[in-house]
Each structure stands twice: as structure tokens, then as C-alpha cells.
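# Examining the three-dimensional arrangement
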Amino acid sequence: MSQKYQIIIAVILLGVLSGCVHYSRDAGVENLWRQPQSFINGVTTSQKVLAALGPPSQVLTVGNQTVYYYLKEQVTREGLLLLIYNETTEVSVFDRAIFFFDEQGLLVDFSYSKMAEPVE
Amino acid sequence: MNKQATLILLLCFMYLPLLASCSMVKRQYGYVEPIERFSPNDYHQVLHTLGAPDSVAVLNDAFVFAYHSVSIHEPQLGLAIPAFDLFKLTLGSATAIHNYHFYAFTLQGDIINLQKTHWQNSLGDSSSLGLIFVVEETVDLASFEVPRSTNLWGQGLLLETNLIEFSFEDIILAKRLDLIGQDY
């Protein structure tokens, strides 16, 4: 067997003896607020928000305001398994949207969560 | 390459698993955008600067926004046991780095109090015995894997209050902050 083949076999063996893992899961509502939407403070009604985003994850009452709170949890795990070094990274992203409505059901203010940066 | 060299190469491959190995497990829960120091007057300014809060709590005469993120680094050292080639003893420790912002408002939305803090704490040291090609968790992180209370809100409404062990009233009425790593 030539040295070239031996090196190739060694590399293949190293490849066989390593592995990788990846999984992801979601929980909560669909984050439709990341799609183009046209919500305007003082104009948009709670019915329109419901029609656009679906039922909220949570409904709160703050003074005389009603709050719709949406949450989507996204978990991703990636891993590299080698002979003498392994590394796994799990990132949980909590994608959120919050809407405040007055007593007439008109939008007072709203906001989305800032997007997470990847783990270094 | 002669037979002796081939034999040495094979032995090297056989003994590689017996060497010590190391693993790095990284976890990131949530994200709080770094911001300059600012003094908001009301909740609108907080929403526009930091986005939707990680948790909202409503009290009798106030409401609270909390922004919380946790980064966990868990370095591990694996030691193979010569008599059991397939198993590895893993020693590990974990450190959590927290980033936490707290804003309290009157029910009319004016700021009452605010606090921003950053700290880290040890989650403990431990060891585990597992297969050599599996990354084992050496620290109990179960409290970081419970569902967010927001996602239990609707379920809590459907429970028969006379039959359940926990009323979930705090969750239903949002009377508590849902912080990452905080069990119910």
C-alpha cells in the first residue's frame, strides 16, 4: 500500500471517528410580526392586530390599557464531536411583540424584540 | 511505509480515545441589546430603545418591564478509563453571565424606577460518566429549560382551579416577572 493511500485511509478514519449534531425546536405562536405589517399608532385597532397576527400568547391589563403580548421561542443546538475536542452551542431566541391599546381598542404603542446576535 | 510504521500508526489510532479530551458547551438564552446609558421618561421610550420586553409584570399601582439574557459557558475535561474504552469520565463547571434591565412605571406609563445590571455566577462543578463520543452535561440546567410562563398563560386559563396543585394565578394575572432560569 502506498503512502498516499495510507494518508487517505487515515483521513477517512478521522472522519468516521467524528460527528456532528443539530436540532431545533419552536414553542409559542408564529412570529408573523416579522413579515411586512402596517400598524399605525392611533389608527390600527386591536381587531386588525388580531387578524394579522392571530391570538396573542398573553393578554394583560395595565391601568386602562390592554396589552397583547406575543412570544415565539426558538431553540437551536449545533455540535461538533471530534476525537479530542467537542463543541456544542445552544441558542434560545425569544422573539417577542407587544401591543398597547387604549379603551377604544386603538393602538397606543407597539414594539418588537431586538434580534439576537449569533454566539461567538 | 513498512509494517512497523503501519503498526505504530494503528496503535496511535487505538490509543487516541484514551487521551484526555475537552469539550465546550455554550448556551445563550435571550438577548438584550447593548445600549448607552439613557433616562427614559415613560414606557414608550423604553419600548423604542430596547424593543419588546422579555417579561411584563403588572402590580396594583405599577407595571414592570424586564429584559434578561443569560450566557452559559461550560468547559469540560474528559478522561478515558483504559479498562472501559467506550466510556469517559467528564469533569465540568459552568458559569452564567447575566444581563438584566429593570424598568418600573406607573399605570399611566411614567417611569418610577430603573436599574441595569450585569453579573456572573457559578452554576457549580460536577462530573459525569458517558460514552466517549457524547457530550454530557455536567451541570444541572433544568431550570433554564422550563417553558416561558407566557406560553403557559392560555393553558393556565383552562385549568380547573379546584383540582390543580398550583393555581398559576401569578402567571395568569402577570403578577410576577418571568426571569430566565427561574423555576415556577
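Everything quoted here is computed from the prediction, not taken from an experiment. In this numbering scheme, every chain counts its residues from 1 along its sequence in written order. Ligands are numbered from 1 and chains lettered from A, in the order in which they are written. Two thresholds apply to this predicted model, a pLDDT of at least 70 for residue-level local features and 80 or more for giving and counting side-chain atom pairs, whereas whole-chain, interface and lining totals are computed over all residues.

## Section: the overall build of chain B
- Along its length, chain B carries four helices and five strands.
- Secondary structure elements are taken from DSSP: a helix is a run of H or I of four residues or more, a strand is a run of E of two residues or more, and numbering for both begins at the N terminus. Going from the N terminus to the C terminus, chain B shows its helices and strands as α-β-α-β-β-β-β-α-α.
- To sort residues by exposure, count the other C-beta atoms lying within 10 Å of each residue's C-beta; 20 or more gives buried, 12 or fewer gives exposed, and values between give partly exposed, all with C-beta atoms placed from the backbone. Relative to its full complement of 184 residues, chain B shows a buried share of 27%.
- Once C-beta atoms have been placed from the backbone, residue pairs whose C-beta atoms lie within 7 Å are recorded as contacts. Contacts spanning at least 24 positions in sequence make up 64% of the contacts within chain B whose residues lie at least 6 apart.

## A word on the interface of chain B and chain A
- On the side of chain A, 40 residues touch chain B, which itself brings 38 residues to the contact.
- Of all the secondary-structure elements, those providing two or more residues to the side of chain B that touches chain A are strand E1 (21-29), helix H2 (43-50) and strand E2 (55-58) of chain B.
- The biggest single contributor to the side of chain B that touches chain A is E1(B), with nine residues.
- We call two strands paired when DSSP finds no fewer than two bridges between them. Bridge analysis of strand E4 (residues 85-101) of chain A against E1(B) gives eight bridges, and the strand direction is parallel. Bridge pairing links A:Ser92 to B:Tyr29 in E1(B).

## Focus on the environment of A:Thr61
- Relative to the helices and strands, A:Thr61 is located in strand E2 (residues 58-62).
- Judged by the 13 C-beta atoms lying within 10 Å of it, A:Thr61 falls in the partly exposed class.
- For the pair A:Thr61 and A:Phe101, spaced 40 residues apart in sequence, the C-alpha to C-alpha distance is 9.7 Å.
- Excluding its chain neighbours within four sequence positions, the residues that come into contact with A:Thr61 are A:Thr66 and B:Val58.

## A short note on the environment of B:Asp140
Residues and elements named next belong to chain B.
- Along the chain, the position of Asp140 falls in the loop between strand E5 (111-131) and helix H3 (153-158).
- Asp140 sits in the exposed class, given 11 other C-beta atoms within 10 Å.
- For the pair Asp140 and Leu123, spaced 17 residues apart in sequence, the C-alpha to C-alpha distance is 8.2 Å.

## Looking at the nonpolar core
- As used here, a nonpolar core is made of buried Ala, Val, Leu, Ile, Met, Phe, Trp, Tyr and Cys residues. They are joined through C-beta atoms within 7 Å. If you look at the biggest cluster of nonpolar residues, it comprises 33 residues, and the most contacted ones within it are A:Val67, A:Tyr69, A:Tyr70, A:Ile98, A:Phe99 and B:Val56.
- Of all elements in the fold, only helix H2 (46-53), E2, strand E3 (65-81), E4 and strand E5 (107-112) of chain A together with H2, strand E3 (62-81) and strand E4 (84-106) of chain B reach the threshold of two or more residues within this core.
- Examining the composition of this core, we find that six residues originate from one element, E4(A), more than from any other.
- When sequence neighbours within four positions are dropped, the list of residues in contact with B:Val56 reads A:Leu60, A:Val67, A:Tyr69, B:Phe63, B:Val64, B:Phe65 and B:Ala174.
- Counting seven residues, the second largest nonpolar core, distinct from the first, contains B:Ile72, B:Ala94, B:Ala96 and B:Ile180.

## Notes on H2(B)
Residues and elements named next belong to chain B.
- Along H2, the residues classified as buried are Tyr43, Val46, Leu47 and Leu50. Looking down the long axis of H2, one finds its buried residues gathered within 100 degrees of arc, a one-sided arrangement.
- Looking one or two residues beyond H2, the residue adopting positive phi is Gly51, at roughly 85 degrees. It is the directions from the helix axis to the C-beta atoms that the arc portrays.

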